[in-house]
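Observations on chain architecture
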Amino acid sequence: MTSIWSHRPRLLHLGLFIAAFVLSCGFAELLAIVPGTGISIWPASGLFIATLVLTPRQSWPWWVLAGCFSELFSNVLWFHSPLAAAFLIYCGNALEAVIGAWLVNRACSRPVRLESLRDVLAFVLLGAGVAPVASATVGSATLAWFDMQGQSFATAWPLWWIGDATGVLIVAPLALVVLQNWHGKAHLSPARWMEAGVLGLILLGVAILSMSGALPFAYIIMPPLLWAAVRFEFKGAAVALILLALITAVFTIHDTSQFAGNPEALKHNQVMLQLFLAISAFSALIVAAISRQHQLAALTLLQSERSLREHVEALRLSEQRLQQMIDAVPIRLWRATATGESPYFNKRYRDYLRSLLPDFDAIEEPQFGQLMLELMHPEDAPEMAREMRRCFASGATFAMRFRRLQKNGSYRWEEGRAEPLRDHDGKIVQWYGVALDIDDEIRAQEGLRQASDKLARANQAASLAELSASIAHEVNQPLAAIVANSHACQRWLMADPPNIERAQKTVQRVIRDANAAAEVVRRVHALFKQSMDTRVPTAFDSVIAEARDLMAEEAARRGARMDFEVETGLPLVAMDRVQVQQVLINLMRNGMDAMESMTRGRVLRARARRIGEVVQTEISDRGPGIEFPDRIFEPFFTTKESGMGMGLAICRSIVESHGGRLWVEKNEPQGANFIFTLPIEAKTASDGG
Ligand code: ADP
């Protein structure tokens, strides 16, 4: 109950509804041209259905009540039927409106705007076709039951049905469309206003002429009617139909229309009039719906075209920004296909390539690999070619340092990196890469290294000088005393007679001083020998890996490739880790020194394996080989300008102090092969054996 009260329509709306209902009843009365039938076009049915379609279901009782009041009031004014019959007829009409509104609401898209052909067809079929069955059945039965106006159920039913259907067709869509769309301002151009005016005049003219009988038949109105529907859609169709209905009504009422005529033909004419208006309304509605649908489609197309254009513009802008960023970054960027074709270079890269390859822009189908190798330092080119082949074939990340030609003919160090971009299936789609100029960094590192080398050598020299001075000092004193005492002894023995006693005393002094000198030497030896405690069982492969890591940067800088081969599962070796590393680094550095003058093929090879009870390590190079094999292990022997000649001597003493051996052999096909052995720790060796 409360919900019905809370859904009460505004009184103004109810008042307007009642006024329109009563007016349309009057219009129906005027058009009931067949004397005595009282049945004609019933516009109230259209008004009723449209109102219910547009209002919430909870408010329907109010409209039904208002409709009841309007129809009973109209009955008092015009129809003068018995109250019970009038009420029953109204019940049929209300049933028709409720059924029609319910069906239309279910079948059409909400809100019901009748903008698609499907909606219009559903509306015509359900609202104008099915719903009037209720009112026609109840109304005709009432007429027959009350024996009113001499109508039987069968004669009244079709007239009633067509009358209500026409009313629904003419009024309901107009009410729906007008009520929902009339607020939208019409933006008509002057030309369209002109067209509307001309069309209105033509429509009026044709309607008047055809109704007055000057034109042969009523349906000649169709072209201007459809014109209005096509060009002005529902609003055009609405106005045109109202005009047509009014003109037809006026002429029919005044007995001059084609639908008037002699009394025998009246019934037929009545049906014809109803059909004429129904067909006109139906055609105009369908055409208006088709035109609307076209308009909507065109509008959607226009909108999607506009949004597409906006998207394209946004894309273009973002691409432009990205391009600017790519061109502005201070590194060289490139992109190429999975096989290295059709490369794209950013501006910085293009500028560089253009500066060195004058016909760069004219190269058709450039090949990334070729372009790269053309400008590479001859020493780095083979390695670069090999790496590129490997990465393009396997999809592995590319990373390499190399020297590249500059405009002034010099070479600068660069670091190149590239990664493949893969699709969902892991297939390479593109390669993306960068090239960074690291020349300044490399040179700074080189300077630093040279400085630290110098410092190390100076330190070495200083400590060696210090050490030798102190040894000399320690040994010199007893030696000088030995020499002096030997002379004295000689003099005592050569005296005549020889003074044996004194000579013996001096010889004792000689022995004492010689022992002192030997003690100095022993102390120095002990100093170098270090304690045995620093030797611990160590995994040799980790020591060799460490030495390789320590030398990796130097090897890359000096353009030498390191080739390591370490047997797996090497047994533990008792060693002073730092000293053995010193040996490895010394031998590796000597190998690189030996290959310094070579332009290509700098390969330093290290191999470690177990042979019997020792681990044997070989460090080989492809340099010129050993010139003085008998002397190189002597302390202070060097053929290098800034060499000390202590490296190999120290290496040998370290290896021998570990119980191993160090020697050199000729490397095949060229170069030197330094070999040293280290005994396997006794416990491990016996475990293993
Ligand atoms: P330094 O390296 O300071 O000269 P070393 O004792 O390490 O002292 O080397 C002594 C000499 O042995 C070197 O000057 C060089 O003539 C020679 N030598 C060492 N290693 C090699 C090598 N791999 N190939 C050719 N000669 C070498």
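Refer to the preceding data block for the structure.
Residues numbered from 1 in each chain as written. Predicted model: local features only at pLDDT ≥ 70, side-chain atom pairs only at ≥ 80, totals over all residues. Heavy atoms only, no water.

1. Observations regarding the overall build of the chain
Of the regular secondary structure elements, the chain holds 19 helices and 12 strands. The C-alpha atoms of the chain give a radius of gyration of 58 Å, which is well past the 26 Å a tight globule of 689 residues would have. Across its three principal axes, the chain shows a C-alpha extent of roughly 195 × 65 × 45 Å. Here the chain, with 689 residues, has 40% of them falling under the buried criterion. (Helix = DSSP H or I, 4+ residues; strand = E, 2+ residues; numbered from the N terminus. Rg over C-alpha atoms; globule rule 2.2 N^0.38 Å. Buried < 20%, exposed > 50% of the residue type's maximum accessible area, 1.4 Å probe, protein only.)

2. Observations regarding the sheet that holds strand β3 (residues 398-405)
On the basis of which strands lie adjacent, the open sheet formed by five strands has the order β2-β1-β5-β4-β3 and antiparallel pairing. Unpaired on one side and paired on the other, β2 (344-345) and β3 mark the two borders of the sheet. The pairing of strand β4 (residues 411-422) with strand β5 (residues 428-437) spans nine bridges and is antiparallel. Note that in β5 the partner of L421 across the bridge is Q430. (Pairing = 2+ DSSP bridges.)

3. Looking at the sheet that holds strand β11 (residues 662-666)
Spatially, the five strands line up as an open sheet ordered β7-β9-β10-β12-β11, and their pairing is mixed. Strands with a single pairing partner mark the edges of an open sheet, and in this sheet they are β7 (561-566) and β11. On average, adjacent strands in this sheet sit at an angle of 15 degrees to one another, irrespective of strand direction. In this sheet, strand β12 (residues 672-679) lies alongside strand β10 (residues 614-620) in antiparallel orientation, the contact comprising seven bridges. Counted as the bridge partner of V614 is P679 from β12. Against the sheet, helix α16 (residues 540-557) contacts β7, β9 (603-611), β10 and β12, and its axis sits at roughly 175 degrees relative to β7. (Axes fitted to C-alpha atoms, helices over the stretch in contact; angles between N-to-C directions. Contact = heavy atoms within 4.5 Å.)

4. A short note on a nonpolar patch on the surface
Together, F217, Y219, M272, L275 and I279 give the surface a local cluster of nonpolar side chains, amounting to about 390 Å² of exposed area. Topologically, Y219 is positioned in the loop between α8 (190-211) and α9 (222-253). (Patch = residues over 30% accessible without salt bridge, like charges linked within 9 Å, V, L, I, M, F, W, Y side chains within 5 Å. Areas by Shrake-Rupley, 256 points an atom, 1.4 Å probe, with all protein chains shown as cover. Salt bridge = Lys/Arg side-chain N within 4 Å of Asp/Glu carboxyl O.)

5. Points about the site of the ligand
Around the ligand, 17 residues are found, and the nearest of them are N590, T638, T639, K640 and L648. A distance of 2.9 Å separates an oxygen atom of the ligand from a polar side-chain atom of N590. With respect to the ligand, the side chain of K640 contributes an N or O atom lying 2.7 Å from an oxygen atom. In the complex, 91% of the free accessible area of the ligand, which totals 530 Å², lies under the protein chains. Where the shell around the ligand is concerned, the elements lending two or more residues are α17 (577-594), α18 (647-657) and β12. In terms of residue class, the shell around the ligand is made up of eight nonpolar, seven polar and two charged. (Near = heavy atom within 4 Å. Polar contact = N/O pair within 3.5 Å; in protein donor to acceptor, adjacent residues only side chain to side chain. Nonpolar A, V, L, I, M, F, W, Y, C, P; charged D, E, K, R; others polar.)

6. A closer look at α17
The end-to-end C-alpha distance of α17 is 26 Å, a good match for the 26 Å that 18 residues give at a rise of 1.5 Å each. Every buried residue of α17 is accounted for by Q579, V580, Q581, V583, L584, I585, L587, M588, G591 and M592. (Expected span 1.5 Å × (residues − 1).)

7. Structural notes on the pairing of β11
The pairing of β11 with β12 spans five bridges and is antiparallel. Counted as the bridge partner of V664 is F674 from β12. Between β11 and β12, which follow one another and run antiparallel, lie five residues, and G671 among them has a positive phi close to 100 degrees.

8. Examining the environment of A418
Mapped onto the fold, A418 is located in strand β4. Sequence-distant contacts of A418, defined by excluding residues within four places in its chain, comprise W334, T397, F398, W431, Y432 and G433.

9. Structural notes on the side chain of D621
Mapped onto the elements, D621 comes out in the loop between β10 and α18. Buried charge D621 goes without a salt bridge, the closest partner of opposite sign being R622 at 8.3 Å. The contact partners of D621, leaving out residues within four places of it in the chain, are G591, A594, M595, V603, L604, N667, Q670, G671 and A672. (Lys, Arg positive; Asp, Glu negative; His and termini not counted.)

10. Brief notes about the packing of helix α2 (residues 11-31) against α9
Where α2 meets α9, the closest approach of the two axes is 9 Å, and the angle between their N-to-C directions is 45 degrees. When the axis of α2 is compared with that of α9, the two are oblique. Two secondary-structure elements touch here, α2 through F27, L30 and L31 and α9 through A245, L246, A249, T252 and I253. The residue makeup of the contact of α2 with α9, split by class, is seven nonpolar, one polar and no charged. (Parallel < 35°, antiparallel > 145°, perpendicular 65-115°, else oblique.)

11. A look at the nonpolar core
F21, F48, V120, F123, L225, F234 and F276 are the most contacted members of the largest nonpolar core, which has 74 residues in total. Per-element accounting of this core gives the leading share, 15 residues, to α9. One finds F540, A547, L678 and I680 within the second-largest nonpolar core, a separate group that totals 39 residues. (Core = buried A, V, L, I, M, F, W, Y, C linked by side-chain atoms within 4.5 Å.)

12. Comments concerning unusual backbone geometry
With an omega of 0 degrees, the peptide bond running from D496 to P497 counts as cis. Relative to the helices and strands, P497 is located in the loop between α14 (439-494) and α15 (500-529). Geometrically, the link from E668 to P669 is a cis peptide bond, its omega value of 0 degrees lying close to zero. Here P669 is to be found in the loop between β11 and β12. The residue F636 is not glycine, and still its phi comes out positive at about 65 degrees. Among the structural elements, F636 can be located in the loop between β10 and α18. Residue F636 is classed as exposed on the basis of its relative accessible area, which comes to 54%.

13. Topic: the packing of aromatic side chains
Given two aromatic rings, their pairing is described by the distance between the two centres and the angle made by the two planes. Counted according to the given criterion, the structure contains 16 aromatic pairs. Aromatic pair F628 and F637: ring centres 5.6 Å apart, planes at 75 degrees, arrangement edge-to-face. Look at F637 and you get buried, because its relative accessible area is 14%. Following the ring pairs from residue to residue traces out a cluster consisting of F17, F21, F48, W63 and Y90. In this structure, R332 is placed above the aromatic ring of Y352, and the distance from its NZ or CZ to the ring centre is 3.9 Å. The side chain of R548 reaches across the aromatic face of F564, ending 5.5 Å from its centre. (Phe/Tyr/Trp six-rings, centres within 6.5 Å; stacked < 30°, edge-to-face > 60°. Lys NZ or Arg CZ within 6 Å of the ring centre and 35° of its normal.)

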